Amino acid sequence: MQYSSPPSRLAATHSRLKELPSLLELAGVLTLACFFSLPGNASESAGDLEASHTEAEKEPFGDLEVPLGTVGPDGRWSFLTDNLRWAVDLAGRVNTTENSGYTNQEFFGIDLHKVVSTKKRDLGTLLIQFYGKYDSSPNKTKWAYQTRLAYFNYHVTKRRGVNVKLGHFFIPYGLNIPSRTPGTLRQFDTGPNLGHKIDWGTSLNGVASHFEYEIALTRGSGFEYESQDSPYIASGRVGTPNHLPLAMGVSGFYGKVLKNGKTTERSRLGVDWRWTGGVIDVLGEISIGRDSHTKDIVNGFIDLSWRSPAETLLLYTQGNIMMKRDSSAPSNVPWDKVSYLTVGSQLALATHYWISADYRHELTSTNKPDRIRIQLRYRFF
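Keep in mind the model is a prediction, meaning the values are calculated, not measured. (Residues numbered from 1 in each chain as written. Predicted model: local features only at pLDDT ≥ 70, side-chain atom pairs only at ≥ 80, totals over all residues. Heavy atoms only, no water.)

1. Considering the overall build of the protein chain
Condition: Each helix corresponds to a stretch of at least 4 residues labelled H or I by DSSP, and each strand to a stretch of at least 2 residues labelled E; elements are numbered beginning at the N terminus. A 1.4 Å probe rolled over the protein chains alone gives each residue an accessible area, and that area as a share of the maximum for its type sets the label: buried under 20%, exposed over 50%, partly exposed in between. Contact criterion: two residues are considered in contact whenever any of their non-hydrogen atoms come within 4.5 Å of each other. All accessible areas in this document rest on Shrake-Rupley with a 1.4 Å probe, and a residue is counted as covered only by the protein chains that are shown.
From N to C terminus, the protein chain includes five helices and 17 strands. Here the protein chain, with 381 residues, has 49% of them falling under the buried criterion. A fraction of 56% describes how many contacts in the protein chain between residues 6 or more apart in sequence connect residues 24 or more apart. Total accessible area on the protein chain is roughly 18,600 Å²; 62% of this is exposed by carbon and sulfur atoms.

And the structure:
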């Protein structure tokens, strides 16, 4: 069965786009930064390197690579600058829907990645991503500070079979591990499914010859560390190595999640898979669980993407479905369903800047508005 957006929706969305003169102003301001950069090839970002649990292997799944600069090893402060990568990150984003006009967000921050080493071995990996964010959406704080990632992953063993991570990091569940999506339009379903994508806490993780694992205990409050109603999350994932053409994993999640001043008990059991065939990637995830001991949950997600041979263009389409019903309801009671189809693209204009866009359309009948987003991103290093 094929789904398409009604002509009236497309016409309404098109009329909204005509009402975006500030988008041109925003794009113009950010594009000025491009004249200070030189074209070149991309390399992996700080988050990408650590998310794959090893700096030596390139992660085959996810978005186009986002580069980092390096600091030379010579000089008095070489013990700080050895194996240090960094970038200054700027982006502007415009969101528009067919019935509510548009909003805009901007963020800027610093991205640091350092491998802490002695003469004998690497001791651990430090990753820091500090950002300022502006959001014009109703009921949102206009300007806010945001810690995306900030953690140290200590290598207990030389071959990184056992590591201890402490700080603010990705919740180990499904396609969230590894993740190459911070700050991009392309996102997976971790946030809507679990409540948070990133949390404060500690984890035990490692890489073996035939599997990878991470088990975490975190605060349960997401970006902000809050103790209201004593939230917590216990989560974990074990799977085959992610550098293989086909990788699969099993995840578990249980906790008391604090979000928007309210706590919700959530449990999830999930299976994820990732297959890469040259320039094509297929990613999927299925989760079952329960919310507040009263709602049965089934969520499904799939992502199909294509990258150009030179890895300058990424095209993708995503489908996700979220189903719930009362746990006490008979088996013949229908599920409440919401599903979406998203198509998007990301173009690397040169080493330092990218432009992205996506369009989301609801496939079910809850009358959720169609959404179009455009983002211009610049990274200086």
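2. Regarding the packing of aromatic side chains
This is how it is decided: Ring pairs are drawn from Phe, Tyr and Trp, using the six-membered ring of Trp, whenever the two centres fall within 6.5 Å, and their geometry is named by plane angle: stacked under 30 degrees, edge-to-face over 60, tilted for the rest. Lysine and arginine charges are scored as sitting over a ring when NZ or CZ, respectively, is within 6 Å of the ring centre and within 35 degrees of the ring normal.
Scanning all chains against the criterion turns up nine aromatic pairs. A centroid spacing of 5.6 Å and a plane angle of 70° characterise the contact between phenylalanine 107 and tyrosine 131, whose relative ring orientation is edge-to-face. Taken together, the residues phenylalanine 107 in strand β3 (residues 102–117) and tyrosine 131 in strand β4 (residues 122–135) connect sequence positions 24 residues apart. On the basis of relative accessibility, which here comes to 10%, the residue phenylalanine 107 falls in the buried class. Tyrosine 131 sits in the buried class, given a relative accessible area of 3%. One aromatic cluster is present, built from ring pairs that chain together Phe108, Tyr134 and Trp143. When the ring centre of tyrosine 340 is taken as reference, the NZ or CZ atom of arginine 360 above it lies at 4.2 Å.

3. Here we look at the nonpolar core
Here is the rule: Working definition of a nonpolar core: buried Ala, Val, Leu, Ile, Met, Phe, Trp, Tyr and Cys residues. They are joined through side-chain atoms within 4.5 Å.
Core analysis: the biggest nonpolar cluster contains eight residues, these being Leu127, Leu149, Tyr151, Phe169, Phe170, Ile177, Ile198 and Ala216. Counting residues per element, the ones that place at least two in this core are β5 (143–155) and β6 (163–170). Not counting chain neighbours up to four residues away, the residues in contact with phenylalanine 169 comprise Leu149, Tyr151, Lys197, Ile198, Asp199, Gly201, Thr202, Ser203, Glu214, Ala216 and Thr218. Ranked by size, the runner-up nonpolar core spans six residues in total, among them Ile171, Tyr173, Leu194 and Ile233.

4. Description of the confidence of the model for the protein chain
Test applied: Summary of the metric used: pLDDT quantifies the predictor's per-residue confidence within the range 0 to 100.
On average, residues of the protein chain score 82 in pLDDT, and 78% of them reach the 70 mark or higher. Mean pLDDT in the protein chain bottoms out at helix α2 (residues 21–32), which sits at 36, and peaks at strand β9 (residues 232–239), which reaches 98. This model gives residues 1–62 a pLDDT under 50, and the stretch forms 135 contacts once residues within four places in sequence are excluded.

5. Here we look at unusual backbone geometry
Here the phi dihedral of serine 230 falls at roughly 50°; this positive angle occurs in a residue that is not glycine. A residue is classified by how much of its surface remains accessible, and serine 230, at 49% relative accessible area, is partly exposed.

6. Considering the pairing of strand β7 (residues 198–207)
Note the following rule: For two strands to pair, DSSP has to find at least two bridges joining them.
As paired elements, β6 and β7 share eight bridges and run antiparallel to each other. Paired with valine 164 across the bridge in β7 is leucine 204. Counting the residues between successive antiparallel strands, the hairpin from β7 to strand β8 (residues 212–218) contains four residues.

7. Things to note about the pattern of salt bridges
Definition in use: The rule for a salt bridge is simple: a side-chain nitrogen of Lys or Arg has to be within 4 Å of a carboxyl oxygen of Asp or Glu.
Here the structure, examined in full by the defined rule, presents 15 salt bridges. When the shortest N-O distance is used, the salt bridge between arginine 379 and aspartate 89 registers 2.9 Å. Within this pair, whereas arginine 379 is found in strand β17 (residues 371–380), its partner aspartate 89 is found in strand β2 (residues 84–97), the two being separated by 290 residues in sequence. Here the two residues arginine 379 and aspartate 89 agree in accessibility, since each one is buried. One network of salt bridges, in which partners are shared, links Asp89, Asp111, Arg377 and Arg379.

8. Focus on the side chain of glutamate 362
Going by this rule: N or O atoms closer than or at 3.5 Å make up a polar contact, with two conditions inside protein: a donor-capable atom paired with an acceptor-capable one, and, for residues adjacent in sequence, both atoms drawn from side chains.
Along the polypeptide, glutamate 362 turns up in strand β16 (residues 353–362). Among the residues examined, glutamate 362 registers a relative accessible area of 3% and is labelled buried. Reaching out from glutamate 362, the side chain makes a polar contact with the backbone nitrogen of asparagine 367 at a distance of 3.3 Å. Only 2.7 Å separates the side chain of glutamate 362 from the backbone nitrogen of lysine 368, close enough to count as a polar contact. Beyond its immediate sequence surroundings of up to four residues, glutamate 362 is in contact with Val338, Ser339, Tyr340, Asn367, Lys368 and Asp370.

9. With respect to the environment of phenylalanine 380
Summarising the element assignment, phenylalanine 380 is placed in strand β17. Distance in space between the C-alpha atoms of phenylalanine 380 and tyrosine 353 is 8.6 Å, their sequence separation being 27 residues. For phenylalanine 380, the contacting residues outside a window of four places in its chain are Trp86, Ala87, Val88 and His352.

10. Observations regarding the environment of alanine 234
Of note, alanine 234 is situated in strand β9. Its relative accessible area of 35% is what places alanine 234 among the partly exposed residues. The contact partners of alanine 234, leaving out residues within four places of it in the chain, are Ala216, Leu217, Gly252, Phe253 and Tyr254.

11. So, the pairing of β5
Summarising the sheet, β4 and β5 pair through eleven bridges and their orientation is antiparallel. Following the sheet pairing, lysine 133 is matched in β5 by alanine 144. The sheet contact formed by β5 and β6 spans six bridges and is antiparallel. What sits directly across from phenylalanine 152, in β6, is leucine 166.

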